[in-house]
Amino acid sequence: MDGYNADSIIEIKDLNYSINNKEILKGIDLNIKAGDFIGLIGPNGAGKTTLLKCINGLNKADGHIKIKGTDINKYTERLLAKEVALMHQNTTVGFPFPALDIVLMGRYPYIKRFRAESKEDYTIARRNMDYTHTGRLEESPVTEMSGGERQRVLFAKTLTQETDIILLDEPTASLDITYQEQIFEYSRELSLTGTTVVAAIHDLKIAARYCTRLVLMNCGEIVADGFPQEVLTSENLSCVYGINALVYKNRITGLLDLYINRDTAGKKSELVHVIGGGGSAAGVLRQLYEQGYNATAGVFSQGDSDIGSAEVFGMKYLVEKPFTEISDEIHARNISYIKDSEITILCNMPFGFQNFRNLEAALNANKLVIIEDELPETRDFTDGKATALYKRLKETAAAVITSAQLHEVL
Ligand SMILES: Nc1ncnc2c1ncn2[C@@H]1O[C@H](COP(=O)(O)OP(=O)(O)OP(=O)(O)O)[C@@H](O)[C@H]1O
């Protein structure tokens, strides 16, 4: 085997693959480091499975693939199987083999012709069955297992091949959420100990959470390659999947998250101002965004979670320093936003002395909609001052509704 450096356990250069004169992969260049956990993402038909099969030697493509510095064509099938294992998408096993026999099949590159599996082969197979929680299924015929159990048995088989490179094609397609995440947990653990994992993944949130690097494919080409936050951008998703997706860091989980707007409402010309805080405006801002409204928001206290929502939905907002009363300048701007808006929505927010001026500003609304899920008294931390003003506002309001009724007034 030629020497190779860990920066390129898999080197792919100018890879092209066609079936019946149809180009399936076009000019793929990809260098994969040892210990990388790569998520191959992209729409149906992008070429993910085809690329995995090229790396596994099943598809003979034009171009260059080196595994550990050696051209893939120089490997015998058995030697390549000691380096690269592929877990196929939706594998069906027609014969009722017991699960242990299936897992032992992963040892095939190591077992000499006409020889039976050794004690060590059994030990390795059983260890991987324990690891994937399938040990109790040893004797069960694979044809009588649930899709999820079979998938975990096949994962154990893949691990039993003991390769430095593992390719997974939609490994969690039929798994319930417990095992879905677990296969990615295992894969991450493996990658941390130096195994290289390349997985075709449809769930973009899972891909972002577990993978160290994402490769976005479309129509047989790589269109983006990098850290999850570099690849999962609204622009890339819109371009490749044709969806209106917003990508943001979820403040609760701290993970990259996606919001997909399937609503096709056209842009509305009316301006809406939203007074909120403490998370009370999040759902309102989302609905306004989905309905195509041009909205402004505030005044929020710095660090308020509603700011995240306004940012995700690309809305202008006013913010005041934390633990500080709304200044004259910000108050004046709030009034100006309110006067410019056809509708002002007062959210079901808590009131304190610091945000009290939001209520005063609401007196300037052209059309005030109050969202009241809980009585104001229960959210008033101003010794009744806020409740008194709130009641005045209620008398002038065009509508007092609950959050669930918001769609009726928009
Ligand atoms: N045996 C085949 N004969 C003809 N075309 C094929 C064959 N296998 C794949 N293709 C075509 O190659 C393209 C890429 O398919 P591939 O399965 O690699 O995509 P994919 O990104 O893995 O899709 P999915 O997410 O649906 O699994 C598709 O247009 C597909 O129709």
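Residues numbered from 1 in each chain as written. Predicted model: local features only at pLDDT ≥ 70, side-chain atom pairs only at ≥ 80, totals over all residues. Heavy atoms only, no water.

**A word on the pattern of salt bridges**
Within this structure, the stated rule accounts for 18 salt bridges. In this structure, Arg286 and Glu290 form a salt bridge, with 3.2 Å as the shortest nitrogen-oxygen distance. With Arg286 and Glu290 both in helix H10 (residues 282–290) and four residues apart, this pair spans about one turn of that helix. Classification of Arg286 as partly exposed rests on a relative accessible area of 31%. Lys391 serves as the salt-bridge partner of Glu377, at 3.3 Å between the closest nitrogen and oxygen. Note that Glu377 is positioned in the loop between strand S17 (368–371) and helix H14 (385–396) and Lys391 in helix H14, a separation of 14 residues in sequence. Given the relative accessible area of 43%, Lys391 is considered partly exposed. Among the ionic contacts, a cluster of salt bridges with common partners joins Arg107, Asp121, Arg127 and Glu162. (Salt bridge = Lys/Arg side-chain N within 4 Å of Asp/Glu carboxyl O. Helix = DSSP H or I, 4+ residues; strand = E, 2+ residues; numbered from the N terminus. Buried < 20%, exposed > 50% of the residue type's maximum accessible area, 1.4 Å probe, protein only.)

**Comments concerning the packing of helix H5 (residues 147–160) against helix H6 (residues 177–192)**
Interhelical geometry of H5 versus H6 gives an angle of 10 degrees and a closest axis separation of 12 Å. Relative to H6, the element H5 lies roughly parallel. Residue-level inspection shows Arg152, Phe155 and Leu159 of H5 in contact with H6, the latter providing Tyr179, Ile183, Tyr186, Ser187 and Leu190. Counted by class, the contact of H5 with H6 contains six nonpolar, one polar and one charged residues. (Axes fitted to C-alpha atoms, helices over the stretch in contact; angles between N-to-C directions. Parallel < 35°, antiparallel > 145°, perpendicular 65-115°, else oblique. Contact = heavy atoms within 4.5 Å. Nonpolar A, V, L, I, M, F, W, Y, C, P; charged D, E, K, R; others polar.)

**Some words on the packing of aromatic side chains**
Here a ring pair, both rings aromatic, is described through the centre-centre distance and the interplanar angle of the planes. Applying the stated criterion across every chain yields a total of ten aromatic pairs. Residues Phe184 and Tyr210 carry aromatic rings whose centres are separated by 5.8 Å and whose planes lie at 25 degrees to one another, so their mutual orientation is stacked. A residue pair is termed long-range when its members are at least 10 positions apart, and Phe184 in helix H6 and Tyr210 in helix H7 (residues 204–210) qualify at 26 residues. Overall, the relative accessible area of 3% leaves Tyr210 in the buried class. An angle of 35 degrees between the planes, with centres 5.0 Å apart, marks the rings of Tyr289 and Phe313 as tilted. Taken as a pair, Tyr289 in helix H10 and Phe313 in the loop between helix H11 (305–312) and strand S15 (316–320) lie far apart in primary sequence, 24 residues in all. Neither residue differs from the other here; Tyr289 and Phe313 are each classed as buried. Here the aromatic cluster, defined as three or more aromatic residues joined through ring pairs, consists of Phe37, Phe184 and Tyr210. (Phe/Tyr/Trp six-rings, centres within 6.5 Å; stacked < 30°, edge-to-face > 60°.)

**Overview of the site of the ligand**
Near the ligand you find 13 residues, and of these Gly45, Lys48, Thr49, Thr50 and His202 are the closest. A distance of 2.8 Å is found between an oxygen atom of the ligand and a backbone nitrogen or oxygen belonging to Gly45. Note that an oxygen atom of the ligand is positioned 2.7 Å from one of the side-chain N or O atoms of Thr49. Considered on its own, the ligand offers 630 Å² of accessible surface; in the complex 62% of this is hidden by protein. Among the secondary structure elements, those contributing two or more residues to the shell around the ligand are strand S2 (22–32) and helix H1 (48–55). With three residues, H1 is the largest single contributor of residues to the shell around the ligand. In the shell around the ligand, the residues fall into four nonpolar, seven polar and two charged. (Near = heavy atom within 4 Å. Polar contact = N/O pair within 3.5 Å; in protein donor to acceptor, adjacent residues only side chain to side chain. Areas by Shrake-Rupley, 256 points an atom, 1.4 Å probe, with all protein chains shown as cover.)

Purely spatial values, then, with no claim about function.
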